[in-house]
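# Structural characterization, general
Below are the chains, spelled out letter by letter.
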Amino acid sequence: MYLRFTTQFINPYGELETGIFMALKYLRDDHSLTKDDDVKKLKELSKWFDRNLEKPTRLSKGTSKLNADISLSWFKDSAKVHIKKMHEFVEIAKRYDMIVERIVSRNAGYIVFEDDYQVSAVPFKTNRKSVV
């Protein structure tokens, strides 16, 4: 099983940002976080993930840089500590009225990157709308 955390956040450029990491980064950078404890906690969590989660080295299933099928990141359900840390992100997001959805799937799509804790996968066309 795979888990993905998405938001309904629209960034300052009018683009829909679905990933919770990016949505909270925009809130932090925009100084929208009003509680100092939230800013501190968000920085701590970001540093933890930087140290404990590899950045995917491949983001599409094609070999061309022009490939439009970009992958989405999913946690493996066995990544218990990472998922627990994600729930700390969710708590901060909720305090700022950000809607966060946790999506669970048996099949993330065409896997283009994998490590012990996550996969990066291009969604199948049949379920693309339900995972973005």
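We now turn to the structure provided with this report. These figures come from a predicted structure and were not determined experimentally. (Residues numbered from 1 in each chain as written. Predicted model: local features only at pLDDT ≥ 70, side-chain atom pairs only at ≥ 80, totals over all residues. Heavy atoms only, no water.)

Take the packing of helix α1 (residues 20–29) against helix α3 (residues 80–95) next. Their axes nearest at 11 Å, the elements α1 and α3 cross at an angle of 45 degrees. When the axes of α1 and α3 are compared, the pair comes out oblique. Considering only the axes of α1 and α3, their crossing is left-handed. Of α3, the residues touching α1 (which contributes I20, F21 and L24) are M86, F89, V90, I92 and A93. Per-class residue counts for the contact of α1 with α3 are eight nonpolar, no polar and no charged. (Axes fitted to C-alpha atoms, helices over the stretch in contact; angles between N-to-C directions. Helix = DSSP H or I, 4+ residues; strand = E, 2+ residues; numbered from the N terminus. Parallel < 35°, antiparallel > 145°, perpendicular 65-115°, else oblique. Left-handed = near helix turned anticlockwise from the far one by under 90°. Contact = heavy atoms within 4.5 Å. Nonpolar A, V, L, I, M, F, W, Y, C, P; charged D, E, K, R; others polar.)

Moving on, we come to the nonpolar core. Ranked by size, the top nonpolar core spans 25 residues in total, and within it F5, I20, L24, F75 and F89 carry the most contacts. Elements supplying a minimum of two residues to this core: β1 (2–10), α1, α2 (36–52) and α3. In terms of residues, this core owes the most to one element, α3, which gives six residues. Discounting residues that sit within four places of it in the chain, F75 has contacts with M1, Y2, L3, F5, F49, L53, H82, I83, M86, Y117 and Q118. (Core = buried A, V, L, I, M, F, W, Y, C linked by side-chain atoms within 4.5 Å. Buried < 20%, exposed > 50% of the residue type's maximum accessible area, 1.4 Å probe, protein only.)

This next bit is on unusual backbone geometry. Despite not being glycine, D97 shows a phi value in the positive range, around 60 degrees. Within the fold, D97 resides in the loop between α3 and β4 (100–105). Of the residues examined, D97 reaches a relative accessible area of 71% and is grouped as exposed.

The next point concerns α1. Among the residues of α1, those classed as buried are I20, A23, L24, Y26 and L27. Looking down the long axis of α1, one finds its buried residues gathered within 155 degrees of arc, a one-sided arrangement. One or two positions beyond α1, positive phi appears at H31, with a value near 60 degrees. (Arc of directions from axis to C-beta.)

When strand β5 (residues 110–114) meets strand β6 (residues 118–122), the two strands line up antiparallel, connected through four bridges. Looking across to β6, one finds that F113 is bridged to S120. (Pairing = 2+ DSSP bridges.)

Across all of its chains, the model carries five salt bridges by this definition. Linking R95 and D38 is a salt bridge whose minimum nitrogen-to-oxygen distance equals 2.6 Å. You can see R95 sitting in helix α3 and its partner D38 sitting in helix α2, a full 57 residues away along the chain. Taking the relative accessible area as the measure of exposure, D38 reaches 3% and is therefore buried. Salt-bridge contacts for E88 lead to K41; the nearest nitrogen and oxygen are separated by 2.7 Å. Within this pair, whereas E88 is found in helix α3, its partner K41 is found in helix α2, the two being separated by 47 residues in sequence. (Salt bridge = Lys/Arg side-chain N within 4 Å of Asp/Glu carboxyl O.)

Checked against the element boundaries, S46 lands in helix α2. For S46, the residues in contact, after removing those within four places along its chain, are R28 and F89.

Before going further, it helps to spend a moment on the side chain of Q118. Within the element layout of this structure, Q118 appears in strand β6. Since its relative accessible area comes to 4%, Q118 is described here as buried. Among the polar contacts made by the side chain of Q118, one reaches the main-chain carbonyl oxygen of E54 at a distance of 2.5 Å. Every residue in contact with Q118, bar those within four places of it in the chain, is listed here: L53, E54, P56, W74, F75, K76 and F113. (Polar contact = N/O pair within 3.5 Å; in protein donor to acceptor, adjacent residues only side chain to side chain.)

Distances and angles like these do not, on their own, reveal function.
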